[in-house]
Amino acid sequence: MRLFSAIPYAYRVALMINASIVVVMAAFGGIVLDRQQKLLEEQFTKSGQLSASQLAGSATEPLFGGDKFSLTLQINALTADTIDISVFDFQGRVKARTNYLQNNEEPAESLFSFFEQAPDFTIPANVYGEIELNSSNITSQSGAEYKKELVSTINHIYTKYRNQWLEDTPMSFDWQDLDSTRQWTTFVSPVKFRDAVGGHVFVTTSRKEITQAKNDILQFIMVVSFILVVGVFTLSMAIGRRLSKPVLDLIKATNAISDEQYSYRISKVYHGEFGQLIRSFNHMAEEVERKQKVENALTHFVSDSVADQYLSEGGGRGEGKMVDASVIFVDIVGFTSFSENNSAKQVAEILNEYFEYFTYCCEFYGGHVDKFIGDAAMFVFGAPNEDPEHPFNAAACAVLMQKIIADINNKHKAQNKPCLEIRIGISSGQMLAGVIGSKSRLQYTVVGDPVNLASRLCDLAGSGGILVDESFFNRANHHNYLSSGKRVSVKVKGVKEEVKTVFIEDIIKTPYSHFETVREQLNLHA
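Residues numbered from 1 in each chain as written. Predicted model: local features only at pLDDT ≥ 70, side-chain atom pairs only at ≥ 80, totals over all residues. Heavy atoms only, no water.

**Student:** Describe a nonpolar patch on the surface, naming the residues involved and giving the relevant values.
**Tutor:** Together, V223, F226, I227 and V230 make up a nonpolar patch on the protein surface, roughly 390 Å² of accessible area in all. Of note, I227 is situated in helix α10 (residues 208–258). The exposure class of I227 is exposed, given its relative accessible area of 54%. (Patch = residues over 30% accessible without salt bridge, like charges linked within 9 Å, V, L, I, M, F, W, Y side chains within 5 Å. Areas by Shrake-Rupley, 256 points an atom, 1.4 Å probe, with all protein chains shown as cover. Salt bridge = Lys/Arg side-chain N within 4 Å of Asp/Glu carboxyl O. Helix = DSSP H or I, 4+ residues; strand = E, 2+ residues; numbered from the N terminus. Buried < 20%, exposed > 50% of the residue type's maximum accessible area, 1.4 Å probe, protein only.)

**Student:** Quick rundown of the pairing of strand β11 (residues 466–469)? Include the residues and the values.
**Tutor:** Consecutive side chains along a regular strand alternate between the two faces of the sheet. Residues of β11 alternate between two faces, with I466 and V468 on one and L467 and D469 on the opposite face, all of them buried. Direction of pairing for strand β9 (residues 421–437) relative to β11: parallel, over a ladder of three bridges. When the bridges of β11 are listed, I426 appears paired with V468. For β11 and strand β13 (residues 499–507), the ladder comprises three bridges, and the chain directions are antiparallel. What sits directly across from V468, in β13, is V502. (Pairing = 2+ DSSP bridges.)

**Student:** Tell me about the environment of E363, residues and numbers included.
**Tutor:** Within the secondary structure layout, E363 lies in helix α14 (residues 344–364). Relative accessible area serves as the criterion here: at 48%, E363 is assigned to the partly exposed category. C-alpha of E363 to C-alpha of F379: the two residues are 16 residues apart in sequence and 9.5 Å apart in space.

**Student:** With reference to specific residues and values, describe the pattern of salt bridges.
**Tutor:** In this structure the tally under the stated criterion is nine salt bridges. Notably, a salt bridge pairs E289 with R265, separated by 2.6 Å at the nearest N-O pair. One end of the pair, E289, is in helix α11 (residues 272–301); the other, R265, is in the loop between α10 and α11, and 24 residues separate them in sequence. Under the relative-accessibility criterion, E289 is labelled buried at 18%.

**Student:** Lay out the side chain of H390 in plain terms, naming residues and giving numbers.
**Tutor:** As for its placement among the helices and strands, H390 is situated in helix α15 (residues 390–414). At a separation of 2.6 Å, a polar atom in the side chain of H390 contacts the side chain of S326. (Polar contact = N/O pair within 3.5 Å; in protein donor to acceptor, adjacent residues only side chain to side chain.)

**Student:** Summarise the confidence of the model for the chain; cite the residues concerned and give the values.
**Tutor:** Taken over all residues, the pLDDT of the chain has a mean of 77, while the share at 70 or more is 75%. With pLDDT under 50 throughout, residues 100–144 is counted as low confidence; its partners more than four residues away or in other chains account for 88 contacts. Counting interchain partners and residues more than four positions distant, the pLDDT-below-50 stretch residues 146–151 has 19 contacts. (pLDDT = per-residue confidence, 0-100. Contact = heavy atoms within 4.5 Å.)

**Student:** So what's going on with the packing of α14 against α15? Which residues, and what values?
**Tutor:** Running from N to C, α14 and α15 point in directions that differ by 145 degrees, and their axes come no closer than 9 Å. Of the two elements, α14 crosses α15, and the hand of that crossing is right-handed. Where α14 approaches α15, its residues I350, E353, Y354, Y357, F358, C361, C362 and F364 are matched on the opposing element by C397, L400, M401, I404, I405, I408, N409 and H412. Among the residues making up the contact of α14 with α15, the classes are represented as 13 nonpolar, two polar and one charged. (Axes fitted to C-alpha atoms, helices over the stretch in contact; angles between N-to-C directions. Left-handed = near helix turned anticlockwise from the far one by under 90°. Nonpolar A, V, L, I, M, F, W, Y, C, P; charged D, E, K, R; others polar.)

**Student:** Describe helix α16 (residues 449–461), naming the residues involved and giving the relevant values.
**Tutor:** Helix length check: α16, at 13 residues, gives a terminal C-alpha distance of 18 Å against a target of 18 Å (1.5 Å per residue), a fit within 8%. Residues of α16 that are buried include every one of P450, V451, L453, A454, L457, C458 and A461, and no others. End-on, the buried residues of α16 take up no more than an arc of 160 degrees, which puts them together on one face. For α16, the secondary structure elements touched by its buried residues are β6 (321–333), β8 (376–381), β9, β10 (442–447), β11 and β13. Looking one or two residues past α16, G462 carries a phi angle of roughly 80 degrees, positive in sign. (Expected span 1.5 Å × (residues − 1). Arc of directions from axis to C-beta.)

**Student:** An account of the packing of aromatic side chains is needed here, citing residue identities and associated values.
**Tutor:** Throughout the structure, instances matching the rule amount to nine aromatic pairs. A centroid spacing of 6.3 Å and a plane angle of 80 degrees characterise the contact between Y354 and F358, whose relative ring orientation is edge-to-face. Of the two residues, Y354 and F358 are both situated in helix α14; the distance of four residues between them amounts to about one turn of the helix. For the residue pair Y354 and F358, the accessibility class agrees, reading buried in each case. Linked through ring pairs, Y354, F355, F358 and F372 together constitute an aromatic cluster. (Phe/Tyr/Trp six-rings, centres within 6.5 Å; stacked < 30°, edge-to-face > 60°.)

**Student:** Explain the pairing of β6 residue by residue, including any values.
**Tutor:** With 13 bridges joining them, β6 and β9 adopt antiparallel strand pairing. By the bridge assignment for β9, V327 is matched with S427. Looking at chain direction, β6 and β8 are connected through six bridges and run antiparallel. Its bridge partner lying in β8, I328 is registered against F379.

**Student:** Can you lay out the packing of α15 against helix α18 (residues 515–522) for me, pointing to particular residues and giving the numbers?
**Tutor:** In the contact formed by α15 and α18, the axes pass within 11 Å of each other and the chain directions differ by 50 degrees. With respect to their mutual orientation, α15 and α18 come out oblique. Judged by the twist between their axes, the crossing of α15 over α18 is right-handed. Together, L400, K403, I404 and D407 of α15 and F515, V518, R519 and L522 of α18 make up the contact between the two elements. Taken together, the residues that form the contact of α15 with α18 break down as five nonpolar, no polar and three charged. (Parallel < 35°, antiparallel > 145°, perpendicular 65-115°, else oblique.)

**Student:** Give me the environment of L73: which residues, what numbers.
**Tutor:** Following the sequence through the fold, L73 ends up in helix α4 (residues 68–76). Taking the C-alpha atoms as reference, L73 lies 9.2 Å from A96; in sequence the two are 23 residues apart.

**Student:** Quick rundown of unusual backbone geometry? Include the residues and the values.
**Tutor:** Of note, the amide linkage connecting A383 to P384 takes the cis form, showing an omega dihedral of 5 degrees. Assignment of secondary structure puts P384 in the loop between β8 and α15. Positive phi, close to 70 degrees, is recorded for E260, a residue that is not glycine. Within the element layout of this structure, E260 appears in the loop between α10 and α11. Accessibility expressed as a relative area gives 57% for E260, which makes it exposed. In this model, N480 sits at a positive phi of 60 degrees, which is unusual for a non-glycine residue.

This is how it looks when you write it as structure tokens:
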């Protein structure tokens, strides 16, 4: 069954149709052949019995009158369609016989094998002993000697056993030569005058023509069946290909969609059920493409991880959940005066350039962009995807940002472009993460005290600074990869007590800074 399922659809259709045709043709051909063979046998038997009966009727007067000459003329008139004709009187004497044994090309032992192999009666074995005639010495005798012996045998058998198997009823026997290569039928009809049986007529006819006719019928049926099977196979292949074409188009189309070729459509027009199926597929593909465009557009406004989370949850507002995460706020120092002294186009170009680098650094360390706020940006680490190293990754991201900005400013100085500094504030802890907003406007974000603290620390960091609370620094530096600057306690709006803060200066473990790798990727060489 698995092997059959692996065969292409068109061939399966052709095979099933042809299997049905073969079964039908075999049954039909068998019935036709059997019927034709029976008709041929009936015609052959009727023709032979009619010849024997007619000869027996016409031989009545010559046989009873002892006119051998008339009998010979009568049987010679029928030899065209027969092999041998013999007329016996009631004493078993041959009164007339054709010249078959001397002139016909058929083997001389044929008549002997008839009496030896005829299935409808039994010849006792001692008959051959009495007359000393058997199949081994027949073939060694000349034609004349064989004729003499054979006639004597037939006479003896007929005389001795005629009352056992030859009465006054016509009959026939099928027989063959000793090597079973040729077959004959002998028709026997009694020669009667009123109720007296004066002898019998033996008319032997070859079955070659009827056998050939049967073979011709069989050959004709086989040829017709072969032509029909080939024709039906060709037609069914064409039908199968026509039926499989829309299926193959669908397979090709689904593979294209799987390969993210969402604009792929089946252009060929089909009718009927296949037409409905193709139209449904094209409609589905349009919806998939539209959804993909929405998803692609969504990733331009939120990170991939946030978009995946939002779509996996079915969209809409959720209850949110408490997460342990880190938040970075980055602000461009002196941006207000910069925007006042430059065109809107220049301002947009600088913002886009800086935000592009900020985003790269954030994603490099596994964070995501939460939002851009004017000339500031907010980044989250540890949500929505959990990250046990989110404090260190946030700190490393901040250090990388400062290094990249320094490198960019060096390039800008060489190109006589404006140079800007940034300040960064970081904090971590428990915060609420989820999709928040109105029904018409939603946003995935985090809210909580660590978020507010990071924003306040950013304002206090100063140009080029990275300011974090002491609790965050201890968590981020548990491997002692960070170097710190001065530590100060500051008064933060919304917090009653002063907050102990630490300035992060660099990553002292070179393999974890990744700065040179990023410089190569961003082509920031001086």
